[in-house]
Amino acid sequence: MELPLYVRRLNGRRARPAADRAVAAVASVWRTPEQRRLGLALAAAVLSAIAFARIAEDYLTSDPLARWDVSFARWLSGERSTAGTDIFRVFTFVGSPAAALAIATIVCVLLYRRRQLFAAALLPVVLGGAELLNLVLKLSFHRPRPEVAFVHLDTYSFPSGHAMISTAAYGALAYLAWSRLQTPRARLALTAGTVLLVALICFSRLYLGVHYLSDVLGGAAAGAFWLAVSIALQTLYGQRSARVFTGSSVDRLGRRITRS
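Here we summarise the structure given alongside this text.

Geometrically, the link from Phe-158 to Pro-159 is a cis peptide bond, its omega value of -5° lying close to zero. Positionally, Pro-159 belongs in the loop between helix 7 (122-141) and helix 8 (161-178). Positive phi values are uncommon outside glycine, yet His-142 reaches one of about 35°. Within the secondary structure, His-142 sits in the loop between helix 7 and helix 8.

Following this line, the structure appears as structure tokens:
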């Protein structure tokens, strides 16, 4: 049933101001670099959380992804070679929490010595939060490791700690380096190199048979989620925390230690 003309005009007048207000709200959020960074970080966190939830649901309900996990792990174990094992053990070491912590610590100290406290504060939050979140998730899902593993580990399988830590840590390093690069080509190379490194680390866990495919996909999604949350927290509270920290007793002690 078609509405009378005067009703359609009235509805149109009401709809236009609502649409204008929505556009104005989006424009105001996008006005400054900090607001854009916060908006993109929150959007990335939501998308990553949705991706992780879908992967976890597939595992819990034995959907096709979880069923394919086992057959893919068995097939890949049959393709494993000595040379490939040696190569991917290097990548799995690069993606280990110990290696990521060592690299992040060096970068954090360098930023701290240059008094770039806002940037330096991101790395401890990313590494510490990712480690804690991974532990909580592993204990929550308590998935056994694949039976075809190259080495047998006692810890749980889902989500992959290497995938999660490397996504969060190397993603954070790429994020900090992004603003220091001036050309689109350099930024594209940085993004491609980071994605390739994380992908090789994730694949190394599959090649060595210590994780299922859904483990590394879930770990990468959880790592991206925590990285996005950390960037949002830095955007909201980083400058204020840096001002409070500057000149404190902890800051003075840190400056003495890092000078030596």
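That shown, we press on.
Where side chains of opposite charge bring their charged atoms close, a pairing between them can arise. For the structure shown, the criterion picks out three salt bridges. Two residues, Arg-54 and Glu-57, come together in a salt bridge whose shortest N-O distance is 3.9 Å. Of this pair, Arg-54 and Glu-57 both sit in helix 2 (residues 33-61), three residues apart, which is roughly one turn of the helix. Asp-215 serves as the salt-bridge partner of Arg-143, at 2.8 Å between the closest nitrogen and oxygen. With Arg-143 in the loop between helix 7 and helix 8 and Asp-215 in helix 10 (residues 213-245), the pair connects residues that are 72 residues apart, well separated along the chain. As far as the burial class goes, Arg-143 and Asp-215 line up, both buried. In this structure, a network of salt bridges that share partners links the residues Asp-69, Arg-143 and Asp-215.

Moving on: the environment of Phe-118. You can see Phe-118 is positioned in helix 6 (residues 117-120). For Phe-118, a relative accessible area of 22% corresponds to the partly exposed category. Along the chain, Phe-118 and Gln-239 lie 121 residues apart, while their C-alpha atoms are 6.0 Å from each other. For Phe-118, the residues in contact, after removing those within four places along its chain, are Arg-37, Gln-234, Gly-238, Gln-239 and Ala-242.

Rules behind the numbers
Residues numbered from 1 in each chain as written. Predicted model: local features only at pLDDT ≥ 70, side-chain atom pairs only at ≥ 80, totals over all residues. Heavy atoms only, no water. Helix = DSSP H or I, 4+ residues; strand = E, 2+ residues; numbered from the N terminus. Salt bridge = Lys/Arg side-chain N within 4 Å of Asp/Glu carboxyl O. Buried < 20%, exposed > 50% of the residue type's maximum accessible area, 1.4 Å probe, protein only. Contact = heavy atoms within 4.5 Å.

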